[in-house]
Amino acid sequence: MAYKRQTDRLPIIPADAQEFNVVCRYCIVGCGYKAYTWPINKQGGPAPHENKFGVDLGRQQDIETEAWYAPSMYNIVKQNGRDVHLVVKPDSNCVVNSGLGSIRGARMAENRPSRITGSQQQRLTDPLVWRNGTWQPTSWDDALDLVARVTARVITEGSEDDLVVSMFDHGGSAGGYENTWGTGKLYFGAMKVKNARIHNLTCSP
Ligand code: SF4
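Residues numbered from 1 in each chain as written. Predicted model: local features only at pLDDT ≥ 70, side-chain atom pairs only at ≥ 80, totals over all residues. Heavy atoms only, no water.

> It is not clear to me how the overall build of the chain should be interpreted in this structure. Could you clarify?
Helix and strand content of the chain: 2 helices and 8 strands. Secondary structure elements of the chain occur, N-terminal to C-terminal, as β-β-β-β-β-β-α-β-α-β. Since a compact globule built from 205 residues should have a radius of gyration of about 17 Å, the 21 Å found for the chain marks it as more spread out than a globular shape. The buried share of the chain, taken over its 205 residues, is 32%. Contacts spanning at least 24 positions in sequence make up 59% of the contacts within the chain whose residues lie at least 6 apart. About 13,400 Å² of surface is accessible on the chain, with carbon and sulfur atoms providing 54% of the total. Of the side chains in the chain, 23 bear a positive and 21 a negative charge, and the two mean positions are spaced by 3 Å. (Helix = DSSP H or I, 4+ residues; strand = E, 2+ residues; numbered from the N terminus. Rg over C-alpha atoms; globule rule 2.2 N^0.38 Å. Buried < 20%, exposed > 50% of the residue type's maximum accessible area, 1.4 Å probe, protein only. Contact = heavy atoms within 4.5 Å. Areas by Shrake-Rupley, 256 points an atom, 1.4 Å probe, with all protein chains shown as cover. Lys, Arg positive; Asp, Glu negative; His and termini not counted. Charge placed at Lys NZ, Arg CZ, Asp CG, Glu CD.)

Here is the structure:
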């Protein structure tokens, strides 16, 4: 995969990198990860006092070593308006995953939007409405008007029990916030729907 990403080498996490405890954004298992960020113009070194792992990276590491990360766990993102290196790697001290990462969680860093590395440039910036056989960007006013009119039609021709919404509810960190805050406010705060069907596992339909 490193070859496919055109990744030649990855920076060593410096000893003074910022460290955060994060939860995987994708499913309700809630695996624990560590996120590290540090300024774009810095990197650590192989000596124990120069890197976040506190080990001599100039030597062959044990087979179970935590002192590594994969290209999928790396990106360059904005933090407080500045470009920073980002590593998100499984937390070996988390009782849920004990340092293991799934094919989704272990890609959280590369799945961040980045103008430097070009990842996730296709992120949504406008609501999409299915019109004429394709998803088309539209305004929030138009999208909410459509929701209101469909909802009113369902309720007036049937009842509130006929109204069912489908949403996905991937908990955890940014995923939970980005994916469910808006739908939660709309469906449960404003519309007060009684019936919802959620998708919340990696393998659920
Ligand atoms: S998607 Fe994978 S890494 Fe993320 S919480 Fe679920 S099992 Fe853990």
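> Explain the pattern of salt bridges to me, please; I cannot follow it from the model alone.
Tallying each qualifying case throughout the model produces 9 salt bridges. With a closest N to O distance of 2.8 Å, Asp 16 and Lys 42 form a salt bridge. Pair noted here: Asp 16 is in the segment before strand 1 (18–23) and Lys 42 is in the loop between strand 2 (32–39) and strand 3 (74–79), with a separation of 26 residues, a long-range link. By relative accessible area, Asp 16 is classed as exposed at 54%. (Salt bridge = Lys/Arg side-chain N within 4 Å of Asp/Glu carboxyl O.)

> Looking at this structure, how should I read the packing of aromatic side chains?
The geometry of an aromatic ring pair comes down to the distance between the two centres and the angle between the two planes. Evaluated as defined, the whole model comprises 2 aromatic pairs. The ring centre of Tyr 26 lies 5.8 Å from the NZ or CZ of Arg 25, which sits over that ring. (Phe/Tyr/Trp six-rings, centres within 6.5 Å; stacked < 30°, edge-to-face > 60°. Lys NZ or Arg CZ within 6 Å of the ring centre and 35° of its normal.)

> For this particular structure, what's the right way to read the sheet that holds strand 3?
The strands making up a sheet associate through backbone hydrogen bonding, with each pair oriented either parallel or antiparallel. Strand order in this open sheet of 4 strands is 1-2-4-3, and the pairing throughout is antiparallel. In the strand order of this sheet, the two ends are held by strand 1 and strand 3, each with one partner. When strand polarity is set aside, the average angle formed by the axes of neighbouring strands in this sheet is 35°. Relative to strand 4 (residues 82–90), strand 2 runs antiparallel, the two being bridged by 7 bridges. Paired with Tyr 33 across the two strands is Pro 90, which belongs to strand 4. (Pairing = 2+ DSSP bridges. Axes fitted to C-alpha atoms, helices over the stretch in contact; angles between N-to-C directions.)

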